[in-house]
Amino acid sequence: MVFVFLSHALTFGMLFVASLFDLDTTDVPDVFCATAVLGGLGLHFLASRPLQIGIISGFVSENGFLALASLEGIGALMAGIGDPLAYSIGVGLIFSVIGWGAYLRGMWGGADAFAMSALGFGAPFVGSATLIDPLNLFVNITLAGFIYIMVYTLYRSFQHPEVWRKSYNRIIEDRMRIGLELAALAVFSIIAFRAGMPVVPFSSLLGFMIFLTRFLEVVQDEAFYRVVDADDLEVGEVAAPGQGFGDKIVGLTEEDIENFEGEELEVREGVPFMPVFVLALVLTDVFGAGFLLFSAVF
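What comes next is a walk through the structure.

What counts and what doesn't
Residues numbered from 1 in each chain as written. Predicted model: local features only at pLDDT ≥ 70, side-chain atom pairs only at ≥ 80, totals over all residues. Heavy atoms only, no water. Helix = DSSP H or I, 4+ residues; strand = E, 2+ residues; numbered from the N terminus. Buried < 20%, exposed > 50% of the residue type's maximum accessible area, 1.4 Å probe, protein only. Polar contact = N/O pair within 3.5 Å; in protein donor to acceptor, adjacent residues only side chain to side chain. Salt bridge = Lys/Arg side-chain N within 4 Å of Asp/Glu carboxyl O. Patch = residues over 30% accessible without salt bridge, like charges linked within 9 Å, V, L, I, M, F, W, Y side chains within 5 Å. Areas by Shrake-Rupley, 256 points an atom, 1.4 Å probe, with all protein chains shown as cover. Lys, Arg positive; Asp, Glu negative; His and termini not counted. Charge placed at Lys NZ, Arg CZ, Asp CG, Glu CD. Contact = heavy atoms within 4.5 Å. Phe/Tyr/Trp six-rings, centres within 6.5 Å; stacked < 30°, edge-to-face > 60°. Axes fitted to C-alpha atoms, helices over the stretch in contact; angles between N-to-C directions. Parallel < 35°, antiparallel > 145°, perpendicular 65-115°, else oblique. Left-handed = near helix turned anticlockwise from the far one by under 90°. Nonpolar A, V, L, I, M, F, W, Y, C, P; charged D, E, K, R; others polar.

## Description of the side chain of T11
As for its placement among the helices and strands, T11 is situated in helix α1 (residues 2-25). According to the relative accessible area criterion, T11 is buried, its value standing at 0%. Of the polar contacts made by the side chain of T11, one reaches the backbone oxygen of S7; its length is 2.8 Å.

## Some thoughts on the pattern of salt bridges
When their charged atoms lie close together, side chains carrying opposite charge are able to pair. Following the criterion strictly, the structure yields five salt bridges and no others. Across the pair E181 and R214 runs a salt bridge whose closest N-O atoms are separated by 3.1 Å. Of this pair, E181 sits in helix α7 (residues 175-194) while R214 sits in helix α8 (residues 199-223), and the two are 33 residues apart along the sequence. E181 sits in the partly exposed class, given a relative accessible area of 24%.

## Focus on a negative patch on the surface
Residues D229, D231, D232, E234, E254, E255, E258, E261 and E264 make up a contiguous surface patch of negative charge. Among the elements that take part in the negative patch, helix α9 (residues 254-259) stands out by supplying three residues, more than any other. Tracing the sequence through the fold places E261 in the loop between α9 and β3 (264-268). According to the relative accessible area criterion, E261 is exposed, its value standing at 62%.

## Digging into the environment of A113
Relative to the helices and strands, A113 is located in helix α4 (residues 110-122). For A113, a relative accessible area of 0% corresponds to the buried category. For the pair A113 and W100, spaced 13 residues apart in sequence, the C-alpha to C-alpha distance is 5.1 Å. Residues contacting A113, with those up to four places away along its chain left out, are G99, W100, Y103 and W108.

## A short note on the packing of aromatic side chains
Tallying each qualifying case throughout the model produces 15 aromatic pairs. With a centroid separation of 5.7 Å and 80° between ring planes, the pair formed by Y87 and F125 is classed as edge-to-face. Note that Y87 is positioned in helix α3 (residues 71-104) and F125 in the loop between α4 and α5 (132-159), a separation of 38 residues in sequence. Classification of Y87 as buried rests on a relative accessible area of 17%. A residue is classified by how much of its surface remains accessible, and F125, at 1% relative accessible area, is buried. For the ring pair W100 and Y103, a centre distance of 5.5 Å and an interplane angle of 80° mean the geometry is edge-to-face. Residue W100 and its partner Y103 are located together in helix α3, separated by three residues, close to a single helical turn. Clustering of aromatic rings is evident, with ring pairs tying together W108, Y148, Y152, Y155, F224, F273 and F277.

## Some words on the packing of α1 against α4
In a packed pair of helices, the relevant descriptors are the angle between the two axes and the axis-to-axis distance. Packing of α1 against α4 leaves a shortest axis separation of 9 Å and a crossing angle of 165°. As judged from the angle between their axes, α1 and α4 are roughly antiparallel. When the axes of α1 and α4 are compared, the crossing they make is left-handed. Residues S7, H8, T11 and L15 of α1 lie in contact with α4, whose contacting residues are A115, A118, L119 and G122. When its residues are assigned to classes, the contact of α1 with α4 shows four nonpolar, four polar and no charged.

Spelled out as structure tokens, the structure:
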């Protein structure tokens, strides 16, 4: 599985360099993720080559090249793809749908969505082709992303100390709703306990999330949004939602800035998220963990 190893190495290298750009300028050239996608497909094609040559060439020699357009020909193509390339295509497409779906919903930037595609096409499995590997990778992306966002948000909160006081005020203002949420959690915990479910991890996590969401909302409003004069705007900055640019995380162009000349615009500072994909790939390749660890804990 030399070609599969090379694909993982290429994907790691491209995402690592892309992460350096993200941390430095938040502007990630597409060439790195595109190289990982195309390289992943090519290397997994080479890993499947012996099977492809045997099945597809045999079908063409017996039925002619045009016969590949028939149902039998399509079946021969599918059979000839082989597990490595089949996993690269299948997992790559699924990860792309997830990543670009998050982009269209304004949750991720285009580079983050492209990185998701790069992982799917470039590192769909670790050893033998099994479904547990892409599940591990996806869960590792989620876990690494959650921890990374928590650490980064905590870092930004120390840069804006007022968020701690405002978070406390937000909790006091929402005390009635929080009380109802905690009461609902208590009822759920009692039902779960009687059903023999592991109450402590679930209840602790949900209780923590009730307060965490208030803190994250305040940090987002205070530390990730700022009002800027149009004259001070720079190309590539991202406008906050509700200002005519939609919810997608897309950098402003010179033309966009000129349209706001003499006015103010609210912009949002994103989280440099690319390191999450590098960390998730390392966790999957070195430790596996992910889905299996999540299942064992919960």
